Amino acid sequence: MKAIHPVFAALGAALVLSSTTALAQSLKKVDGVLADAAGMTVYTFDKDQAGSGKSVCNGECAKMWPPVPVTGDTVTSPYSVVTRDDGAKQLAYKGKPLYLFAKDAKPGERKGDKMKDVWHVVSD
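Residues numbered from 1 in each chain as written. Predicted model: local features only at pLDDT ≥ 70, side-chain atom pairs only at ≥ 80, totals over all residues. Heavy atoms only, no water.

Draft legend 1. Structural view of the overall build of the protein chain. Of regular secondary structure, the protein chain possesses two helices and seven strands. Order of helices (α) and strands (β) in the protein chain, N terminus to C terminus: α-β-β-β-α-β-β-β-β. Taking all 124 residues of the protein chain together, 34% fall into the buried category. The contacts in the protein chain between residues at least 6 apart in sequence include a share of 59% that link residues at least 24 apart. As displayed, the protein chain offers around 7,300 Å² of accessible surface, 60% of which is attributable to carbon and sulfur atoms. (Helix = DSSP H or I, 4+ residues; strand = E, 2+ residues; numbered from the N terminus. Buried < 20%, exposed > 50% of the residue type's maximum accessible area, 1.4 Å probe, protein only. Contact = heavy atoms within 4.5 Å. Areas by Shrake-Rupley, 256 points an atom, 1.4 Å probe, with all protein chains shown as cover.)

Here it is as structure tokens:
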């Protein structure tokens, strides 16, 4: 087997770090809660089991609560990746899948917080 040239190995490592960094930078704390790059509030769903690697919000649920997508499979703690029923990758925080709320029309809105006592902003 041929050895990988150190320059190409370094480039590969840089690409992995870039995707991790880009993903981490796409989520940020805004006024004490997690938001995506556009400033839209991010939520968790009580019916999702932390660490299960799955989302239970699919179909019609996912239309109202769009999953926060993953652009690559390399993420760092406290983030992880879950695979949705349709095969798409979804970002998770502390093992819980992350969602947006379709009725939040502008950055900073939190209309989904405490919805039906099972949807919550991510504040820690």
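Draft legend 2. Up close: the state of the cysteines. Inspection of the entire model under this criterion finds one disulfide. Here Cys57 is linked by a disulfide to Cys61, with a sulfur-sulfur distance of 1.9 Å. A torsion of -105° about the S-S bond marks the disulfide between Cys57 and Cys61 as left-handed. Residue class for Cys61 comes out partly exposed when judged on its relative accessible area of 23%. (Disulfide = S-S within 2.5 Å.)

Draft legend 3. Structural context of the nonpolar core. The biggest cluster of nonpolar side chains holds 12 residues, and these are Leu27, Leu34, Met40, Val42, Val68, Val70, Tyr79, Leu91, Tyr93, Leu98, Leu100 and Val122. The residues contacting Leu34, other than those within four sequence positions of it, are Leu27, Lys28, Lys29, Met40, Thr41, Val42, Tyr79, Leu98 and Val122. Residues Cys57, Trp65, Tyr99 and Trp119 belong to the second largest nonpolar core, which totals 10 residues. (Core = buried A, V, L, I, M, F, W, Y, C linked by side-chain atoms within 4.5 Å.)

Draft legend 4. Structural detail: the pairing of strand S4 (residues 79–83). Alignment of S4 against strand S5 (residues 89–93), held across five bridges, turns out to be antiparallel. Across the sheet, Ser80 pairs through a bridge with Ala92, a residue of S5. What sits between the antiparallel neighbours S4 and S5 is a turn of five residues, in which Gly87 has the positive phi angle 90°. (Pairing = 2+ DSSP bridges.)

Draft legend 5. Region of interest: the confidence of the model for the protein chain. Taken residue by residue, the protein chain gives an average pLDDT of 84. The fraction at 70 or more is 78%. When the criterion is pLDDT under 50, residues 4–22 qualifies, and its contacts beyond four places in sequence or with other chains add up to six contacts. (pLDDT = per-residue confidence, 0-100.)

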